[in-house]
Number of protein chains: 2
Amino acid sequence: MTQLLRARQGEITAEILTVAGQEGIAPEELGQLVARGLVVIPANIRHSNLSPRGIGARLRTKVNANIGTSADYPDIAKELDKLRAALAAGADAVMDLSTGGDLEAVRQRVMAACAVPVGTVPVYQAMVQAQEERGSMVEMTADDLFAVIRRQVEDGVDFITVHCGVTLEAVGRLQKQGRLTDIVSRGGAFLAGWMLFHEQENPLYTQYDRLLEIVREYDVTLSLGDGMRPGCLADATDRAQVQELVILGELVDAAREAGVQVMVEGPGHVPLDQVEANVQLEKSLCRQAPFYVLGPIVTDVAPGYDHLTSAIGGALAAMAGADFLCYVTPAEHLGLPNAADVQEGVVAARIAAHAADVAKGLPGAKEWDRAMAVARKSLDWEEQIRLAIDPQKARQYRESHNPEAKGKACSMCGTYCAMDVVAAYLGKPADRC
Amino acid sequence: MTQLLRARQGEITAEILTVAGQEGIAPEELGQLVARGLVVIPANIRHSNLSPRGIGARLRTKVNANIGTSADYPDIAKELDKLRAALAAGADAVMDLSTGGDLEAVRQRVMAACAVPVGTVPVYQAMVQAQEERGSMVEMTADDLFAVIRRQVEDGVDFITVHCGVTLEAVGRLQKQGRLTDIVSRGGAFLAGWMLFHEQENPLYTQYDRLLEIVREYDVTLSLGDGMRPGCLADATDRAQVQELVILGELVDAAREAGVQVMVEGPGHVPLDQVEANVQLEKSLCRQAPFYVLGPIVTDVAPGYDHLTSAIGGALAAMAGADFLCYVTPAEHLGLPNAADVQEGVVAARIAAHAADVAKGLPGAKEWDRAMAVARKSLDWEEQIRLAIDPQKARQYRESHNPEAKGKACSMCGTYCAMDVVAAYLGKPADRC
């Protein structure tokens, strides 16, 4: 029985209770949101060390960190470092996207060390295995893919990205239209290539019921992947992307009917003026299913700063209703991120999420900012550092940018600190705000 | 004769011609925008080494970098390092906000080394001099302040921030309402304190005509400062801030009548959902005068990352019509920025500005992104680095995050690079985008 099915029967599950407590929302209200599919709680019944998180309407915007090996960097220890960095920085979920080394071992080590929901993209492992065992990626069979999915959900993975909407119809629309960067989703590109090579429909689409059955057994949440997501601003919101989203909307209906929790993934590279429309489109086509966006990054020209370009897009997307932000690190488009990149990426996405939560009036969000303002006003540096989203970074700047710890004004204004001037000459208006 | 007066007479000045060339706009169209006050070209007739920039409607969003000494860091050489960092990173203007050491020398050295418009906040020097020469900041006289203004504009400064709207009326509204962080503008706090101490109106308001006369002589652009800008999200868009903006609107009219170029400064700390309204308000109250915003930063809780919080707010503000972004560095709220902070701050603000320019459909903006997309698609790394907004950072990531320069896919996906998979299995749809 999934959280969705149990909530529909009016049950307040342990997971709903936990999440309601985290969010400061009544368990009954949360239960109704889960029952309607507006909130998902990815919680594989086998993920024993999990502290569940809710994703969706009325809840704090969540942040996911992608980690994972590649052929060039297959080291498990490095992945566990990245996992620790992600968790320490406050990630709400982690995806293991490994494609190098011992994939099973990495996943199991990550699961064991991770108390937040873990996601995967099973087709990666299927691709890698086909390459290694059958000599070519396209030699993967549908049964291979479903075997991998089963193995991963049996390991306790809480949500899986499945590119079920990369259908012949969607690929046909892409080819007819043409694109600057074609397909930039690894899973999407592989599946499209597989389909064209074999002249067959996507097995994740034709055997969607088989997929639903597997994931329902463990209450794994489906994350319907956006294989057609734009890889540059010029490709954003085009017919291929929207065609896939229309199909994903239908698949959301089918998942909910089957009692399976489901969310929908979105772009990607999106011009700033199209971000809001992309969120509205998903909410409309997919009946308000939780929306999980990758970035979006709002310009293509800033490699080395894509944590920042995605924080701009992510903040706007979350304000418009996106529920779950997949971080982008400064290494994006240039190489596999290291632990420092992971840390920067998580903080940047958390800033975007929090700015949106304040804008949406989420209960409790603006109180954090207010507490910081009070600490600033009183020049209470220890409290400012304690309240900082990244206390270590704040302390490091404070210590390196001031000649000696003075405990009062900072080196920017010194004697001419506005806070001091106001206190001395203006008196202190009542704090009635 | 100012650019404004000459444009009103239909003259196409050398500065209008230069800016029109930079922006790819017809000189006649630009001349009309200048004549209507919708564009300013800060160009002091004494700034001999200036390459002018236009700020306002239909033009690329511009970025300003604040530099300047403080009592703790009075070293001129360090300021010149910061100036070089700002210019190398692509700042369109630089403000010298020095309050430590030999202020005259710093300003003159900055002017001599700076080919983009230079701005100052003269009241800082007046405060410092009063403190040093008269024993207290409040002992400054109105004549002292105007003497500093004259000295600075004679040095060739292209625009000056003057907090003319910090009037007894605005301060009274602030006191009546109460605020969490009172006044956080150094100039605003000082002037308000001075006014209350002397029980006198702001001389920049009562002697506004005197100010206009001085700046008109050298064609210095007024930047009407926002002394009441919010210092935290909780104070945003409050009565004190809006009262000042109403007054600034009247002062814009008076400046334009006197033939003086004028722009208006804005916040500050603003929740994401109020950013657009703040821009619309300025455009409405100030008859479309160019809007120069500081950030805005969209959360108070991220010291160490305020280049990022301000990039979020700046992108949204610029998309809504803000014309000029004052950068915020990662050191903001913690200490005086160093050259590395300046570099990060300028790039972050430029990313925000460019994302907005793409969104606004500014001619030429999206072509940059398109060129980058083409380079990505063809895995042309040298071209990607060349096109990057910060080529040095992109190269450094590329080199440090890949085991060896392979010239092909990067270490993120390696064998499973979507670009490669598409090329191998999917074929290449026509580039008809």
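Presented here is an overview of the structure given in this document.

**A short note on the environment of aspartate 155 of chain B**
All names here are of chain B.
- Examined against the element boundaries, aspartate 155 turns out to sit in the loop between α7 (142-154) and β6 (159-162).
- Aspartate 155 sits 41 residues away from cysteine 114 along the chain, and the two C-alpha atoms are 13 Å apart.
- Of the polar contacts made by the side chain of aspartate 155, one reaches the side chain of glutamine 108; its length is 3.2 Å.

**So, the sheet that holds strand β10 (residues 324-326) of chain B**
All names here are of chain B.
- Ordered in space as β3-β4-β5-β6-β7-β8-β9-β10, the 8 strands form a closed barrel in which the pairing is parallel. Strand-to-strand twist of the sheet, defined as the mean angle between neighbouring strand axes without regard to direction, takes the value 25 degrees.
- In this structure, strand β3 (residues 62-67) lies alongside strand β4 (residues 93-96), joined through 4 bridges in parallel fashion. Directly across from alanine 65, in β4, lies its bridge partner valine 94.
- Across the sheet, helix α15 (residues 339-359) touches β3 and β10, and the angle it forms with β3 is around 160 degrees.

**Thoughts on helix α9 (residues 186-198) of chain A**
Residues and elements named next belong to chain A.
- For α9, with 13 residues, the first-to-last C-alpha span of 18 Å sits near the 18 Å given by 1.5 Å per residue.
- Buried within α9 we find Arg186, Gly187, Gly188, Ala189, Phe190, Leu191, Ala192, Gly193, Trp194 and Met195.
- Residue glutamate 199 follows α9 closely and has a positive phi angle near 50 degrees.

**Structural notes on the pattern of salt bridges**
Residues and elements named next belong to chain A.
- As enumerated under the stated definition, the model contains 46 salt bridges over all chains in all.
- A salt bridge links aspartate 92 to arginine 60; its shortest N-O distance comes to 3.0 Å. You can see aspartate 92 sitting in the loop between α4 (76-89) and β4 (93-96) and its partner arginine 60 sitting in the loop between β2 (55-56) and β3 (62-67), a full 32 residues away along the chain.
- Judged by relative accessible area, which is 33%, arginine 60 ranks as partly exposed.
- Two residues, arginine 210 and aspartate 143, come together in a salt bridge whose shortest N-O distance is 3.1 Å. One end of the pair, arginine 210, is in helix α11 (residues 208-218); the other, aspartate 143, is in helix α7 (residues 142-154), and 67 residues separate them in sequence.
- For aspartate 143, a relative accessible area of 48% corresponds to the partly exposed category.

**Here we look at the packing of aromatic side chains**
- By the definition in use, this model includes 6 aromatic pairs over all chains.
- Plain terms: the ring middles of phenylalanine 159 of chain A and phenylalanine 324 of chain A are 6.1 Å apart, the flat faces sit at 65 degrees to each other, and that makes the pair edge-to-face. Note that phenylalanine 159 of chain A is positioned in strand β6 (residues 159-162) and phenylalanine 324 of chain A in strand β10 (residues 324-326), a separation of 165 residues in sequence.
- Aromatic side chains phenylalanine 159 of chain B and tyrosine 292 of chain B sit 6.4 Å apart centroid to centroid with 80 degrees between the ring planes, which places their arrangement in the edge-to-face category. Of the two residues, phenylalanine 159 of chain B sits in strand β6 while tyrosine 292 of chain B sits in strand β9 (residues 291-294), which places them 133 residues apart along the sequence. In this pair, the class of phenylalanine 159 of chain B matches that of tyrosine 292 of chain B, namely buried.
- Three or more aromatic residues joined by ring pairs make a cluster, and in this case those are Phe159, Tyr292 and Phe324 of chain A.
- One cation-aromatic arrangement involves arginine 186 of chain A over tyrosine 124 of chain A; the distance from NZ or CZ to the ring centre is 4.3 Å.
- The residue whose ring lies beneath arginine 398 of chain A is tryptophan 381 of chain A, and the NZ or CZ to ring-centre distance is 3.8 Å.

**Focus on the relation of the copies chain B and chain A**
- With an RMSD of 0.0 Å, chain B superimposes on chain A once it is rotated by 180 degrees and translated 0.0 Å along the axis. Classification of the inter-copy transformation places it as that of a two-fold axis. Looking at the rotation axis and the C-alpha trace of chain B, the residue lying nearest is isoleucine 312 of chain B, at 2.3 Å.
- The share of interface residues of chain B whose copies in chain A are also at the interface is 100%, consistent with both copies meeting through the same surface.

**A closer look at the environment of valine 153 of chain A**
Residue and element names in this part refer to chain A.
- Within the secondary structure, valine 153 is located in helix α7.
- With a relative accessible area of 0%, valine 153 lands in the buried category.
- Between the C-alpha atom of valine 153 and that of arginine 46, which follows or precedes it by 107 residues, the distance is 8.3 Å.

**Examining the sheet that holds strand β7 (residues 221-224) of chain A**
Residues and elements named next belong to chain A.
- Spatially, 8 strands are ordered β3-β4-β5-β6-β7-β8-β9-β10 in a closed barrel, and the strand pairing comes out parallel. Direction aside, the axes of adjacent strands within the sheet are offset by 25 degrees on average.
- The pairing of β7 with strand β8 (residues 262-266) spans 3 bridges and is classified as parallel. The residue of β8 that forms the bridge with serine 223 is methionine 263.

**A few points about the environment of aspartate 323 of chain A**
All names here are of chain A.
- Checked against the element boundaries, aspartate 323 lands in the loop between α14 (306-320) and β10.
- Between the C-alpha atom of aspartate 323 and that of glutamate 29, which follows or precedes it by 294 residues, the distance is 17 Å.
- Here aspartate 323 is in contact with Ile55, Gly56, Ala57, Arg60, Thr61, Lys62, Lys283, Ala289, Pro290 and Phe291, once residues within four sequence places are set aside.

**So, the nonpolar core**
- Judged by nonpolar contacts, the single largest core of 246 residues is most densely connected at Leu222 of chain A together with Leu222 and Leu224 of chain B.
- Not counting the four nearest positions on each side in its chain, leucine 222 of chain B is found in contact with Ile160, Val162, Tyr208, Leu211, Leu212, Val215, Val260, Gln261, Val262 and Met263 of chain B.

Rules used in this analysis
Residues numbered from 1 in each chain as written. Chains lettered and ligands numbered in written order. Predicted model: local features only at pLDDT ≥ 70, side-chain atom pairs only at ≥ 80, totals over all residues. Heavy atoms only, no water. Helix = DSSP H or I, 4+ residues; strand = E, 2+ residues; numbered from the N terminus. Polar contact = N/O pair within 3.5 Å; in protein donor to acceptor, adjacent residues only side chain to side chain. Pairing = 2+ DSSP bridges. Axes fitted to C-alpha atoms, helices over the stretch in contact; angles between N-to-C directions. Contact = heavy atoms within 4.5 Å. Expected span 1.5 Å × (residues − 1). Buried < 20%, exposed > 50% of the residue type's maximum accessible area, 1.4 Å probe, protein only. Salt bridge = Lys/Arg side-chain N within 4 Å of Asp/Glu carboxyl O. Phe/Tyr/Trp six-rings, centres within 6.5 Å; stacked < 30°, edge-to-face > 60°. Lys NZ or Arg CZ within 6 Å of the ring centre and 35° of its normal. Least-squares fit on C-alpha atoms with pLDDT ≥ 70 in both. Core = buried A, V, L, I, M, F, W, Y, C linked by side-chain atoms within 4.5 Å.

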